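The residues making up each chain are set out below.
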Amino acid sequence: MSLIEEKKRLVDRGRLPRHVAIIMDGNGRWAERQNLHRIEGHRKGLEAVKEVVEISKELGIEVLTLYAFSKENWQRPKEEVDQLMELLHDYLLSERDRLLEEGIRLNPIGDLDDLPPRVREALLETARMTSENRDLILNLALSYSGRWEILKGVKRAIEEVREGRLRLQDLTPEVFSGFLSTAGLPDPDLLIRTSGEQRISNFLLWQLAYTELYFTEVLWPEFTKADFLDAILDYQSRERRFGLTSSQLTGNPSGGARS
Ligand code: IPE
Ligand code: IPE
Ligand code: MG
């Protein structure tokens, strides 16, 4: 049996994360270590994207959110940004048929107004073509920033109140979640960040409130299905308490403290 099949068998199908989010980091460092141009790291990174989309679909994960480009990333050298946009454009066109075949719905999140028109059009067209797909929702965060998204939600809430469609006292966390780009989706259960960095970098700030965090040294271009399965297995070894005590969750009233 292959390593991947072995790891897959260890996964508890009844306790899969519904939503996995990934900060795909380390493309540049991977390329620099091979004496290649940074863009080659991004190109190889797209191969890892395909692997992770495939394994998510195989496992039956409902939502996969990939951080592909942050609002802050626009400040990188123009050459890198231009090449990256070109790669994304090509990816969106070349993957369209596969997404359709596999029942994957592409849902862009981020400030699409920032994108070059060609990329925006390819993105919106792929999103439109796959909008009826139900097997896996693939949120692609492009020109995304968590603070931008929250502020946009706040502005929308103010507008709703002003127009009399929402009473201020009815603005609960649940209602507010509906004003974000992940409206209607469960919050991420698991966040993976590659390349050894241990920070959130303005990703899904609202939605990550109770997400399990998993950091790995692996650079994104080298991230494999096996690495993804390791993250899932690690997640399944954790106890999610959501502010409760462990004994409340296990139903053991003494919590083991006074036997
Ligand atoms: C992540 O890899 C991809 C993007 C942010 C677009 P990086 O390009 O950040 O790679 P490092 O962190 O410089 O190695
Ligand atoms: C986060 O990576 C954004 C993406 C992976 C798209 P960065 O490389 O931009 O993050 P920092 O600058 O190291 O925090
Ligand atoms: Mg980086």
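Attention now goes to the pairing of strand β6 (residues 212–215). Across the two faces of β6 the burial differs, with Glu212 and Tyr214 buried and Leu213 and Phe215 not buried at all. Pairing between strand β5 (residues 190–193) and β6: four bridges, direction parallel. In the strand pairing of β6, arginine 193 is matched with phenylalanine 215.

The subject of this paragraph is the packing of helix α1 (residues 3–10) against helix α8 (residues 225–236). Working note: a packed helix pair is described by the angle between its axes plus the distance between those axes. For the pair α1 and α8, interaxial distance at closest approach is 10 Å and the crossing angle is 20 degrees. As judged from the angle between their axes, α1 and α8 are roughly parallel. When the axes of α1 and α8 are compared, the crossing they make is left-handed. Two secondary-structure elements touch here, α1 through Leu3, Ile4, Lys7, Lys8 and Leu10 and α8 through Lys225, Ala226, Leu229, Asp230, Leu233 and Gln236. Among the residues forming the contact of α1 with α8, the class breakdown is six nonpolar, one polar and four charged.

Right, let's get into the side chain of glutamine 236. Relative to the helices and strands, glutamine 236 is located in helix α8. Under the relative-accessibility criterion, glutamine 236 is labelled buried at 10%. Residue contacts for glutamine 236: discarding those within four places in its chain leaves Leu10, Val11, Asp12, Arg15 and Leu16.

Procedures and definitions
Residues numbered from 1 in each chain as written. Chains lettered and ligands numbered in written order. Predicted model: local features only at pLDDT ≥ 70, side-chain atom pairs only at ≥ 80, totals over all residues. Heavy atoms only, no water. Buried < 20%, exposed > 50% of the residue type's maximum accessible area, 1.4 Å probe, protein only. Helix = DSSP H or I, 4+ residues; strand = E, 2+ residues; numbered from the N terminus. Pairing = 2+ DSSP bridges. Axes fitted to C-alpha atoms, helices over the stretch in contact; angles between N-to-C directions. Parallel < 35°, antiparallel > 145°, perpendicular 65-115°, else oblique. Left-handed = near helix turned anticlockwise from the far one by under 90°. Contact = heavy atoms within 4.5 Å. Nonpolar A, V, L, I, M, F, W, Y, C, P; charged D, E, K, R; others polar.

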